[in-house]
Amino acid sequence: MRTEYVVPLQGKINSRIDQLDSDIPAATSSSFRKTLERERDKLAKQRDELQTFDEKLRHYADQRISLDLDDGVKVNYGKFGDLLRDVKAITGKNPEIL
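Keep in mind the model is a prediction, meaning the values are calculated, not measured. (Residues numbered from 1 in each chain as written. Predicted model: local features only at pLDDT ≥ 70, side-chain atom pairs only at ≥ 80, totals over all residues. Heavy atoms only, no water.)

So, the pattern of salt bridges
Selection rule: The term salt bridge refers to a pairing of a side-chain nitrogen on Lys or Arg with a carboxyl oxygen on Asp or Glu at a separation within 4 Å. Here's how the labels work: a residue is buried when its accessible area is under 20% of the maximum for its type, exposed when over 50%, partly exposed in between, all with a 1.4 Å probe on protein chains only.
Per the counting criterion, the structure on display carries 4 salt bridges. In this structure, Asp41 and Arg40 form a salt bridge, with 3.7 Å as the shortest nitrogen-oxygen distance. Residue Asp41 is classed as partly exposed on the basis of its relative accessible area, which comes to 40%. A relative accessible area of 25% places Arg40 in the partly exposed class. The shortest N-O distance in the salt bridge between Arg58 and Asp54 comes to 3.2 Å.

Given below as structure tokens:
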């Protein structure tokens with residue numbers, strides 16, 4: 001997941017932010033400049049969120065967690081703590097407890 005999705009997406013976001021940084025000073029109108037700045041700010045927030053997710057994902061990837069399909073979804077889902085959404089809804093436990 002990390003090498004196929006997260007890392008390439010980080011590169012694309014960073015490239016777009018760099019492009020926007022060079023396009024903003026060349027904007028012909030203030031409304032267009034504001035639009036570019038809003039897009040850049042939105043992408044910067046997404047980049048920060050993705051970086052946080054990547055750090056968590058790297059931590060779990062380094063643990064080399066083994067999954068046994070016979071254990072079922074609840075057990076396997078719980079092995080990933082707060083990395084996945086709705087852990088409590090699936091496992092019945094808070095991610096901090098796992």
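The structure having been displayed, the exposition proceeds.
Describing helix α1 (residues 2-23)
Owing to its 3.6 residues per turn, the α-helix brings residues three or four apart onto one side. Test applied: Counting from the N terminus, the helices are the DSSP runs of H or I reaching at least four residues and the strands are the DSSP runs of E reaching at least two. In this scheme, a helix's expected span is set at 1.5 Å multiplied by one less than its residue total. To be clear, the arc concerns the directions from the helix axis to the C-beta atoms.
The first and last C-alpha atoms of α1 sit 30 Å apart over 22 residues, in line with the 32 Å expected at 1.5 Å per residue. Turning to α1, its buried residues number three or more, namely Val6, Gln10, Ile13, Ile17 and Leu20. Down the axis of α1, the buried side of the element spans an arc of 95°, and every buried residue falls inside it. In α1, the exposed positions that point more than 90 degrees away from the buried face belong to Thr3, Glu4, Lys12 and Asp18.

Comments concerning the side chain of Asp54
Threshold: Residue contacts are counted whenever heavy atoms from the two residues lie within 4.5 Å of one another.
Structurally, the position occupied by Asp54 is in helix α2 (residues 30-63). In this structure Asp54 comes out as buried when scored by relative accessible area, which is 2%. Among all residues touching Asp54, those that are not within four sequence positions of it are Arg2, Val6 and Gln10.

Re the environment of Arg47
Along the chain, the position of Arg47 falls in helix α2. Arg47 sits in the partly exposed class, given a relative accessible area of 29%. With near-sequence residues (within four places) excluded, Arg47 lies in contact with Ile13, Asn14 and Ile17.

Observations regarding the side chain of Gln10
Note the threshold: Definition of a polar contact: a pair of N or O atoms within 3.5 Å, with one able to donate and the other able to accept a hydrogen when the atoms are protein atoms, and with sequence-neighbouring residues admitted only if both atoms are side-chain atoms.
Assignment of secondary structure puts Gln10 in helix α1. Gln10 gets classed as buried once you look at its relative accessible area, which sits at 13%. A distance of 3.2 Å separates polar atoms of two side chains, one belonging to Gln10 and the other to Gln51. With residues near it in sequence (within four places) discarded, Gln10 still touches Leu50, Gln51 and Asp54.

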